[in-house]
Amino acid sequence: NYTRWCNYIIEVIKRYHLTPTKILELAAGTGSLAKLLKNNGYHVILMDLNLAMLKVAQQKLNNSTPLVQGRLTSLPFKGRFEVIICLYDSINYLLEVEQLKTLFFDIAQLLVPTKGIFIFDTCTEYNSLTYFKNNIETDSGENYFYERKSIYLKDKKIQLNLFSLVFKEGQIIKKYKEEHCQRIYSHQKMIEIIEETNCFHFQAYDDFSFGPPHLKSKRIPV
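All values derive from a computational prediction rather than experimental measurement.

Our focus in this paragraph is the sheet that holds strand 10 (residues 219–221). Reading across from one edge, 3-2-1-4-5-10 is the order of the 6 strands in this open sheet, with mixed pairing throughout. Two strands bound the open sheet, and with one partner strand each, they are strand 3 (67–69) and strand 10. Taking the axes of each pair of neighbouring strands and ignoring which way they run, one obtains an average angle of 15 degrees across the sheet. With 3 bridges joining them, strand 5 (residues 117–123) and strand 10 adopt antiparallel strand pairing. Opposite C123, over in strand 10, you have R219 as the bridge partner. Helix 1 (residues 2–15) contacts strand 1 (23–26), strand 4 (83–86), strand 5 and strand 10 of the sheet and is inclined by roughly 140 degrees relative to strand 5. The strands that helix 3 (residues 51–60) touches are strand 2 (44–48) and strand 3; relative to strand 3, the one it contacts most, it runs at about 175 degrees.

This paragraph deals with the packing of aromatic side chains. Enumeration according to the criterion identifies 14 aromatic pairs in this entry. Between W5 and Y8, the aromatic rings sit 6.1 Å apart at their centres with planes inclined by 70 degrees, giving edge-to-face as the arrangement. Linking W5 with Y8, this pair stays in helix 1, spanning 3 residues, or about one helical turn. Y8 matches W5 in its accessibility class, with the two residues each being buried. Both rings, one in F118 and one in F200, keep their centres 6.4 Å apart while their planes meet at 35 degrees; by these two values the pair is tilted. One end of the pair, F118, is in strand 5; the other, F200, is in the loop between helix 6 (187–197) and strand 10, and 82 residues separate them in sequence. You can call F200 partly exposed: its relative accessible area is 22%. Among the aromatic residues, ring-to-ring pairing joins Y2, W5, Y8, Y88, Y205, F208 and F210 into one connected group. Over the ring of F81 we find K22, and its NZ or CZ is 4.9 Å from the ring centre.

Another point: the packing of helix 1 against helix 2 (residues 32–39). Look at helix 1 against helix 2: their axes get within 9 Å of each other, and the N-to-C directions meet at 50 degrees. Taken as axis vectors, helix 1 and helix 2 run oblique relative to one another. Helix 2 is crossed by helix 1, and the crossing has right-handed handedness. Contacts between helix 1 and helix 2 pair Y2, T3, W5, C6, I9 and I10 from the former with S32, L33, L36 and L37 from the latter.

Another aspect to go through is the sheet that holds strand 8 (residues 158–169). In sheet architecture, strand pairing relies on hydrogen bonds along the backbone and comes in two forms, parallel and antiparallel. If you walk across this open sheet you meet the 4 strands as 6-7-8-9, and the pairing is antiparallel. A strand with exactly one partner marks an edge of an open sheet, and here the two such strands are strand 6 (134–141) and strand 9 (172–183). Across this sheet, the average inter-strand angle for adjacent strands is 10 degrees, counted without regard to direction.

Along the polypeptide, S209 turns up in the loop between helix 6 and strand 10. Along the primary structure S209 and P221 are separated by 12 residues, whereas in three dimensions their C-alpha atoms are 8.6 Å apart. Here the side chain of S209 touches G211 through a polar contact of 3.1 Å, landing on its backbone nitrogen.

What follows is about unusual backbone geometry. Phi at N198 takes a positive value of approximately 55 degrees, unusual for a residue other than glycine. Locating N198 in the fold gives a position in the loop between helix 6 and strand 10. The exposure class assigned to N198 is exposed, which follows from its relative accessible area of 69%. A positive phi angle, close to 55 degrees, is found at F208, a residue other than glycine. With respect to the helices and strands, the residue F208 is situated in the loop between helix 6 and strand 10. Residue classification places F208 among the buried residues on the basis of a relative accessible area of 18%.

Time to look at the environment of K177. With respect to the element layout, K177 can be found in strand 9. Distance from K177 to C6, taken between C-alpha atoms, is 31 Å for residues 171 residues apart in sequence. If near-sequence neighbours (up to four positions away) are discounted, K177 is found in contact with F163 and S164. A polar contact of 3.1 Å, which involves the side chain of K177, links it to the side chain of S164.

About the criteria used
Residues numbered from 1 in each chain as written. Predicted model: local features only at pLDDT ≥ 70, side-chain atom pairs only at ≥ 80, totals over all residues. Heavy atoms only, no water. Pairing = 2+ DSSP bridges. Helix = DSSP H or I, 4+ residues; strand = E, 2+ residues; numbered from the N terminus. Axes fitted to C-alpha atoms, helices over the stretch in contact; angles between N-to-C directions. Contact = heavy atoms within 4.5 Å. Phe/Tyr/Trp six-rings, centres within 6.5 Å; stacked < 30°, edge-to-face > 60°. Buried < 20%, exposed > 50% of the residue type's maximum accessible area, 1.4 Å probe, protein only. Lys NZ or Arg CZ within 6 Å of the ring centre and 35° of its normal. Parallel < 35°, antiparallel > 145°, perpendicular 65-115°, else oblique. Left-handed = near helix turned anticlockwise from the far one by under 90°. Polar contact = N/O pair within 3.5 Å; in protein donor to acceptor, adjacent residues only side chain to side chain.

Laid out in structure tokens, this is it:
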């Protein structure tokens, strides 16, 4: 729900009394959130690893927004930002603690000292156990079909989402398979990692609110 995310990000910015001249969005995908933020008067810079998604974002944003290809573990930026965001549980794709620490150290160097904020969210084990432990979802239309198999490996804290995709373009049928692997960090573990880096003062919230996270939180914005 991009509109809901946009409204929430704006509320967070207001809560911290910021008036950012630019927002850096990491793992920005095809720019749907950036377009909404732009419509609300914010200048957004996008970064994503996937070049094809950035090309879609370029069309969506009419070539008016800076686009950068890059990895979360090696941010290709200099300068300072008042607000950096990384949403849609993109953090969970970093499977190793050291990768998280690398990202946090890099973010700390990019934020405006004393007042810059980094907003990200993590998916919780409750979310995986409730909705993605052993689930199959399908959808289809005139020219497409997809199937997503979700498997949660509780002992390894790994969420797997396996996609089978079929697209019909005229007489041509294209088939793809994707495997998405995420590590599900407990809230306490994430706190420990952040504290070990000593980069941030942090505050965690329950899903799209400003209340504290709890055992049934599906998503925790930090």
